[in-house]
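# A closer look at the structure
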Amino acid sequence: LIHFIKRKDTNELNSNLLKKMLGIGRVLHWGPLTAICIVKWISLVTLYCNLRWYPPSNSLGGLLFTLTFLVLSGMTLYHFLFAMYDGPGYLALGWKPDGATDEELMQLQFCDSCQGYKAPRAHHCRKCNRCIMKMDHHCPWINNCVGHFNHGHFVAFLASAVSGCFLSCISLSCSLYYGLNRNWYEWYGTGKEPKIIFTVWSLIATLLGLGLSIGVVIAVGLLLFFQVRAIMRNQTGIEDWIIEKAVYRHRHLDKKFVYPYDLGRWANLRQVLTWSCQPKGDGMVWPVVEGQDQFSLTREQLLQKADKRERSREYEVLRGYSGSCFPITQGLSVCLRPPCTDEPRIPLRTGERIVVTRWKRYWLYGDKIVPSKKERVRGWFPRQCAVEVYCDQEQENFNNFINPVREKDPNIISSTSTSTNRHKKSADPVHSVHSSRKSANTADHVHSVHSSRKSANHNVNNKSADHHHNNSSSQVDTHTVGPTSKSRK
């Protein structure tokens, strides 16, 4: 824990958190316990089979193979413990940059849970309940977040696990092959083949170890690939999502979005992967490309959150929900199609209100409006439990504007009511697609009918009648556009 002790005087962790992290409480979790059991099981079974298949006492190759596997097994456990105990780097509670001006503070995000500002590239973790420096994701296997200070150890842990399990697959596969075909080799072999005898329990243990090794090589190998690719781009998993939304937000603008931290592949790798696995920098100030500054990505996040608040809609709960991940009482369609995420589900009671920010076909995501509590309650809930609430004041202003127009021209009632209903449906992104398609088909039909009528009127009526008809149509269109644009605003 040398690197961890060195950073005690940087005010990153308070004394209570330090005692908690140095204790064994972080290991007593299903994730670390499962990972340690898998590593030890594969190591013991591989050594047991390797001593019979490729004994290190008989050849230099067997000695090198066994030593290589032991080194990789030890490095896997070493980097695993360092990634767990070293920690990602936590911002102090109530953190505020030293000597920052009001203009600089306005470009930083504020964390309501930690009651402090977020450093650039920092994010709040719901599981750790702290703001994490350069947060990539929360890993349940190490029961900690992967962030700035333990990212190198985490990648080394993945690489060691994949390499060691690859050697384990070779050893266990060859041992099973010679053990299951032992009788054949006794009759037809050369006598130089390894003689491996399996009991029932040793055979079960070897099969289980081989299955775990293959699973680690495939699953952890894919995770290692994505981690190395993210490091070469200097992007975390959270920043990938931010960049995707930023590119979409700038698609119609002349100035395209530029990611400020991509310094090139090798420069990005050297920031994280070092011989000591300790990254460069303090996790708060970052080197950026030319034309960008420290707050470029933070400003983009603030703009995206502003857009998110503008898109949000308020819903009222009409049917209670227990908070279950698979609510069978809500119907099979809701139960069998849950959102594929580890985000929480929130229990609801009739009459409560939620500000919804994400929509799916059967589920909604939002923040529960709880004025009496300071902590934020947000998560997923079934779509059929709530209904959207429209602003009464906006509807009243709309009626005050449209009623005088309806008295003058009763024909405008249908057009304004149609536009109002279309606006209400467009608040829900799922219904907006069907509404837009229906509106497009209706518009094409009306255009064709209007064109045929116009051509008929042109052949029958004179120019003065056409002129009078156009003036009256323009007046109706003027009144129609007014309330529609106001309701959309």
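Structure report, in brief. (Residues numbered from 1 in each chain as written. Predicted model: local features only at pLDDT ≥ 70, side-chain atom pairs only at ≥ 80, totals over all residues. Heavy atoms only, no water.)

## Observations regarding the overall build of the chain
- Tallying secondary structure elements over the chain gives 16 helices and eleven strands in all.
- When the 489 residues of the chain are sorted by exposure, 38% land in the buried category.
- If you take every contact in the chain between residues at least 6 apart in sequence, the share linking residues at least 24 apart comes to 67%. (Helix = DSSP H or I, 4+ residues; strand = E, 2+ residues; numbered from the N terminus. Buried < 20%, exposed > 50% of the residue type's maximum accessible area, 1.4 Å probe, protein only. Contact = heavy atoms within 4.5 Å.)

## Digging into the sheet that holds strand β7 (residues 313-317)
- A sheet is described by the order of its strands in space; here five strands give the open sequence β10-β9-β8-β7-β11, paired in antiparallel fashion. The two strands at the open ends of the sheet, each matched to only one other strand, are β10 (378-382) and β11 (386-388). Taken over all neighbouring pairs, the strand axes of this sheet differ in orientation by 45° on average, direction set aside.
- Note: strand β8 (residues 353-359) against strand β9 (residues 363-368), five bridges, orientation antiparallel. Following the sheet pairing, Val356 is matched in β9 by Gly366. (Pairing = 2+ DSSP bridges. Axes fitted to C-alpha atoms, helices over the stretch in contact; angles between N-to-C directions.)

## Side note on the packing of aromatic side chains
- Summed over all chains, the structure comprises 17 aromatic pairs.
- Judged by centre distance (6.1 Å) and plane angle (50°), the ring pair of Tyr54 and Phe65 falls under tilted. Residue Tyr54 is located in the loop between α3 (30-53) and α4 (60-86), and its partner Phe65 is located in helix α4; the two are separated by eleven residues in the primary sequence.
- A relative accessible area of 29% means that Tyr54 is categorised as partly exposed.
- Taking relative accessible area as the criterion, Phe65 reaches 14% and is therefore assigned buried. (Phe/Tyr/Trp six-rings, centres within 6.5 Å; stacked < 30°, edge-to-face > 60°.)

## Topic: the packing of helix α9 (residues 237-249) against helix α11 (residues 296-311)
- Relative to each other, α9 and α11 sit at 70°, their axes nearing to 10 Å. As judged from the angle between their axes, α9 and α11 are roughly perpendicular. Seen along the crossing, α9 lies across α11 with a hand that is left-handed. Counted together, Glu239, Ile242, Lys245, Ala246 and Arg249 of α9 and Leu297, Glu300, Gln301, Leu303, Gln304 and Asp307 of α11 form the full contact between these two elements.
- Its residues assigned to classes, the contact of α9 with α11 comprises four nonpolar, two polar and five charged. (Parallel < 35°, antiparallel > 145°, perpendicular 65-115°, else oblique. Left-handed = near helix turned anticlockwise from the far one by under 90°. Nonpolar A, V, L, I, M, F, W, Y, C, P; charged D, E, K, R; others polar.)

## Some remarks on the pairing of β7
- Bridge count between β7 and β8: four bridges; the pairing is antiparallel. What sits directly across from Tyr315, in β8, is Ile354.
- Pairing of β7 with β11 involves three bridges; the strand directions are antiparallel. Of the residues in β11, the one forming a bridge with Glu316 is Val387.

## Some words on α3
- An ideal rise of 1.5 Å per residue puts 34 Å on 24 residues; α3 measures up with 34 Å between its terminal C-alpha atoms.
- Taken residue by residue, α3 has Gly31, Pro32, Ala35, Val39, Ile42, Ser43, Val45, Thr46, Cys49, Asn50 and Trp53 as its buried positions.
- Looking at the buried positions of α3, the neighbouring elements they touch are α4, α6 (151-180) and α8 (200-233). (Expected span 1.5 Å × (residues − 1).)

## Remarks on the environment of Phe166
- Relative to the helices and strands, Phe166 resides in helix α6.
- Assessed through its relative accessible area of 49%, Phe166 is described here as partly exposed.
- Separated by 48 residues in the primary sequence, Phe166 and Ile214 place their C-alpha atoms 7.6 Å from one another.

## Looking at unusual backbone geometry
- Located in the positive-phi region is Lys134, a residue other than glycine, with phi close to 45°.
- With respect to the helices and strands, Lys134 occurs in the loop between β4 (130-132) and β5 (137-139).
- With a relative accessible area of 6%, Lys134 lands in the buried category.

## Here we look at a positive patch on the surface
- A cluster of basic side chains, namely Lys245, Lys305, Lys308, Arg309 and Arg311, defines a positive patch on the protein surface.
- Take the positive patch: its biggest share by element is four residues, from α11.
- You can see Lys245 is positioned in helix α9. (Patch = residues over 30% accessible without salt bridge, like charges linked within 9 Å, V, L, I, M, F, W, Y side chains within 5 Å. Areas by Shrake-Rupley, 256 points an atom, 1.4 Å probe, with all protein chains shown as cover. Salt bridge = Lys/Arg side-chain N within 4 Å of Asp/Glu carboxyl O. Lys, Arg positive; Asp, Glu negative; His and termini not counted. Charge placed at Lys NZ, Arg CZ, Asp CG, Glu CD.)

## A few points about the pairing of β9
- The element β9 is largely enclosed, with a buried count of six among its six residues.
- As consecutive antiparallel partners, β8 and β9 are separated by three residues.
- In this sheet, β10 lies alongside β9 in antiparallel orientation, the contact comprising five bridges. The residue bridging Asp367 from the neighbouring strand is Arg378, located in β10.

## Remarks on the state of the cysteines
- For the coordinates displayed, the defined rule picks out zero disulfides.
- Here Cys131 stays unpaired: no disulfide links it, and the sulfur of Cys111, its closest cysteine neighbor, is 3.6 Å away.
- Given a relative accessible area of 2%, Cys131 falls into the buried group. (Disulfide = S-S within 2.5 Å.)

## Thoughts on the pattern of salt bridges
- Following the criterion strictly, the structure yields ten salt bridges and no others.
- Here Glu300 and Arg249 are joined by a salt bridge, their closest N and O atoms 2.9 Å apart. Separated by 51 residues along the polypeptide, Glu300 in helix α11 and Arg249 in helix α9 bring together distant segments of the chain.
- Note on Arg249: relative accessible area 27%, which makes it partly exposed.
- The partner of Glu314 in a salt bridge is Arg353, with the nearest N and O atoms 2.8 Å apart. Residue Glu314 is found in strand β7, and its partner Arg353 is found in strand β8; the two are separated by 39 residues along the sequence.
- Taking relative accessible area as the criterion, Glu314 reaches 29% and is therefore assigned partly exposed.
- Judged by relative accessible area, Arg353 falls into the partly exposed class, the value being 31%.
- A single network of salt bridges, built from pairs that share partners, joins Glu314, Glu316 and Arg353.

## Things to note about a nonpolar patch on the surface
- Taken together, the side chains of Leu60, Leu63, Leu64, Leu67 and Leu70 present a nonpolar region at the surface, about 460 Å² in accessible area.
- Looking at where Leu70 falls in the secondary structure, it is placed in helix α4.
- By relative accessible area, Leu70 is classed as partly exposed at 40%.

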